[in-house]
Amino acid sequence: MAKTTESLNLSFLLEHERQMILSVLQKDEKLRKREEKRIRKLKNELLELKRAGRRSSADQHECAICLRALGLILQRGNVCTICHRRICNFCTATPPGSNCKCTVCAKTAELKVVTGEWFLEKRSKRFQHASTTSSDVVKQSILSSPPGETKSEFVSTQTSINQDIHTHNIQKHKLVKDTHPKILLICALQTSINSMMSVYSETGDYGNVRVSGEILLNISYSYKTGALNVLIRECRCLATGDDRRQRTDAYVKTYLLPDKSRQSKRKTSIKSNTTNPVFNENLRYVVSHSQLETRTLQVSVWHHDRFGHNSFLGETELTFDSWEFDTQIEEWFALQPRNESYGDSVMHYKGELTVVLKYIPAERNISLPLDQVQVKKGFLKGKKKTITLPKGGMVELLVKEAKSLTAVKGGSCDPFVKGYLLPDDKKSTKHKTAVVKRAVNPRWNHTFTYCGLQHSDLDSVCLELTVWDREPLASNVFLGGVRLGAGTGLSYGKEVDWNDAYGEEQRLWQRMIDNPEVPQECTLMLRSSMAKRKT
């Protein structure tokens, strides 16, 4: 199957036959995208159910999902045969008995059936090298080899675009190759500073201005160029940005969420001293329409303060999961106040991370071969075959794989996983996997090892794992993360905001503690933000 991506010789087809095949392939693509959209909605529903039960505790006198009180004799509820949690009758998806399931486990089983996940897993194992579908091969073959003089305008345009991209890549490669290493370092540092300043600009004044007014947007998508065009027409009846000077110097800023990096940021020019600014400026994003269906366009209006923080004047957000890409939108949108809990409110499915966790108690943790301990390469020189570990137990984490990562830059990404054992976020506990090139379903099978942990430490520490998209000359892009811990909100008696594991994160950590030396495998849904969760 390694040769599946090679082009087929379809020059024998006539023009009307080619057009007919292309129309069938386009319908097939629409059906596939519609099915992917349905699966995303189902996974979002499952995520909502799991979030609803995230505050459950080990108390057997309340429902583990809705926290409804349970009786000692009557209305004791039922025990789910899969997760073994006690639940009330309202959260029981099947009649009581041997096959009793809670709503979360029932939804998970239903999701695996209706999405065909079992089939996709079998297919991926059997055809590991088939990264391109047969329909895409046929479509690409037709577009790349038009018959004689009957080339369509679309094919000519596509060929021209491909040639321009190829020429640009050659020039870019030559520039990087011929550039002095010091200049490359300066460019990287400058990019990082710009990215940091971009994040800092989000810390403007949000509550000083009462939001009012509307913004007129014209939004269209071009299949020919593969670009989303956001035309900022004008605003009207904006709030006053500077009360002291009684003026508003407005500009518009956009992000294509979930990407909040510098690469996703677009801005208009500043219109001085007017609450009804006219921009007529086009902000452009190059993104495939299949990726655009999973994105949210955030449009915010700001007052520019030359000597202080910029003031937030309002925002609006547009989703594209049900938008017809052949149509064009032009309408007024009311500006809304900033949602302070944005990181928690974004419930879009961000992908999954599969890990295996194991705790080795102190009495069993004597010594291990060097090849099982993650250390610096230089540390191994001249060492014996075994090394005595620090006193205490040890936590081993195997980062297996991730699925359905969000490719914020286009159709793919270069992901890796980074881990810290909080509260120590220094280099001593920092571990990273290798970078997997061009993959949204990467597999690492990389082990992180954390030594010197007493049993009493396990309630006060937290294992934070974050997934990133590697950027060679810019800041890496955050794709999601998880936190594994007791979820007590405390660390050695002090209140902290990072010990906030919930749901499967919390249950996996507890299973590790209750079953020492037994590997515990779990697939966790990635968080869209690592900010403190609101209770």
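As the structure is a computational prediction, the values presented were derived from the model and not from experiment. (Residues numbered from 1 in each chain as written. Predicted model: local features only at pLDDT ≥ 70, side-chain atom pairs only at ≥ 80, totals over all residues. Heavy atoms only, no water.)

Trainee: Tell me about a positive patch on the surface, and name the residues and values.
Mentor: A cluster of basic residues, K427, K430, K432, K437, R438 and R470, forms a positive patch at the surface. Within the fold, K430 resides in the loop between β15 (415-422) and β16 (431-432). On the basis of relative accessible area, K430 is assigned to the partly exposed category, the value being 33%. (Patch = residues over 30% accessible without salt bridge, like charges linked within 9 Å, V, L, I, M, F, W, Y side chains within 5 Å. Areas by Shrake-Rupley, 256 points an atom, 1.4 Å probe, with all protein chains shown as cover. Salt bridge = Lys/Arg side-chain N within 4 Å of Asp/Glu carboxyl O. Lys, Arg positive; Asp, Glu negative; His and termini not counted. Charge placed at Lys NZ, Arg CZ, Asp CG, Glu CD. Helix = DSSP H or I, 4+ residues; strand = E, 2+ residues; numbered from the N terminus. Buried < 20%, exposed > 50% of the residue type's maximum accessible area, 1.4 Å probe, protein only.)

Trainee: Residue-level account of the packing of aromatic side chains, with values.
Mentor: By the definition in use, this model includes 3 aromatic pairs. Each ring, one from Y221 and one from Y223, has its centre 5.4 Å from the other, and the planes form 85°; the classification is edge-to-face. Taking relative accessible area as the criterion, Y223 reaches 40% and is therefore assigned partly exposed. Aromatic side chains W302 and F312 sit 5.5 Å apart centroid to centroid with 75° between the ring planes, which places their arrangement in the edge-to-face category. Within this pair, whereas W302 is found in strand β8 (residues 296-303), its partner F312 is found in strand β9 (residues 311-319), the two being separated by 10 residues in sequence. Side by side, W302 and F312 carry an identical accessibility label, which is buried. When the ring centre of W468 is taken as reference, the NZ or CZ atom of K418 above it lies at 4.8 Å. (Phe/Tyr/Trp six-rings, centres within 6.5 Å; stacked < 30°, edge-to-face > 60°. Lys NZ or Arg CZ within 6 Å of the ring centre and 35° of its normal.)

Trainee: Account for the sheet that holds β15, with residues named and values stated.
Mentor: The strand order across the open sheet formed by 4 strands is β16-β15-β18-β19, and the pairing between neighbours is antiparallel. Among the strands making up the open sheet, the edge pair consists of β16 and β19 (477-485). Sheet analysis places β15 next to strand β18 (residues 462-469), joined by 8 bridges and oriented antiparallel. In the strand pairing of β18, F416 is matched with W468. Of the strands in this sheet, β18 and β19 touch helix α9 (residues 503-514), which is tilted by about 45° from β19. (Pairing = 2+ DSSP bridges. Contact = heavy atoms within 4.5 Å. Axes fitted to C-alpha atoms, helices over the stretch in contact; angles between N-to-C directions.)

Trainee: How would you summarise the nonpolar core if you had to cite specific residues and measurements?
Mentor: Membership of the largest hydrophobic core comes to 31 residues, with the highest contact counts inside it found for L353, L357, L397, L463, L465, L484 and W509. The contacts of L484, once residues within four sequence positions are left out, are L357, L397, C462, L463, L465, A501, E505, L508, W509 and L524. Listed in part, the 30 residues of the second largest apolar core include I215, V252, L256 and L313. (Core = buried A, V, L, I, M, F, W, Y, C linked by side-chain atoms within 4.5 Å.)

Trainee: Let's hear about α9: which residues, and what values?
Mentor: In a regular helix each residue adds 1.5 Å, so 12 residues correspond to 16 Å; α9 covers 17 Å between its end C-alpha atoms and thus fits that length. For α9, the complete set of buried residues consists of G503, E505, L508, W509, M512 and I513. Turning to α9, the residues buried within the fold contact β11 (352-360), β14 (393-403), β18, β19 and β22 (520-525). (Expected span 1.5 Å × (residues − 1).)

Trainee: Give me the pattern of salt bridges: which residues, what numbers.
Mentor: Under the counting rule described, the total for this entry stands at 11 salt bridges. Close ionic contact of R236 with E214 constitutes a salt bridge, the shortest N to O distance being 2.7 Å. Remark: E214 occurs in strand β3 (residues 214-222) and R236 occurs in strand β4 (residues 227-236); sequence separation between them is 22 residues. Put simply, D500 and R483 hold a salt bridge, and the shortest N to O gap is 3.2 Å. Taken together, the residues span a long stretch of sequence, with D500 in the loop between β21 (494-495) and α9 and R483 in strand β19 at a distance of 17 residues. When salt bridges with common partners are traced through the structure, they connect E464, R483, D500, E505 and R527 into a single cluster.

Trainee: Break down the sheet that holds strand β5 (residues 250-257) for me, citing the residues and quoting the values.
Mentor: Spatial strand order, β6-β5-β8-β9: 4 strands in an open sheet with antiparallel pairing. The open sheet has two edge strands with one neighbour each: β6 (266-267) and β9. Pairing between β8 and β9: 8 bridges, direction antiparallel. Residue pairing in the sheet places H303 in a bridge with S311 of β9.

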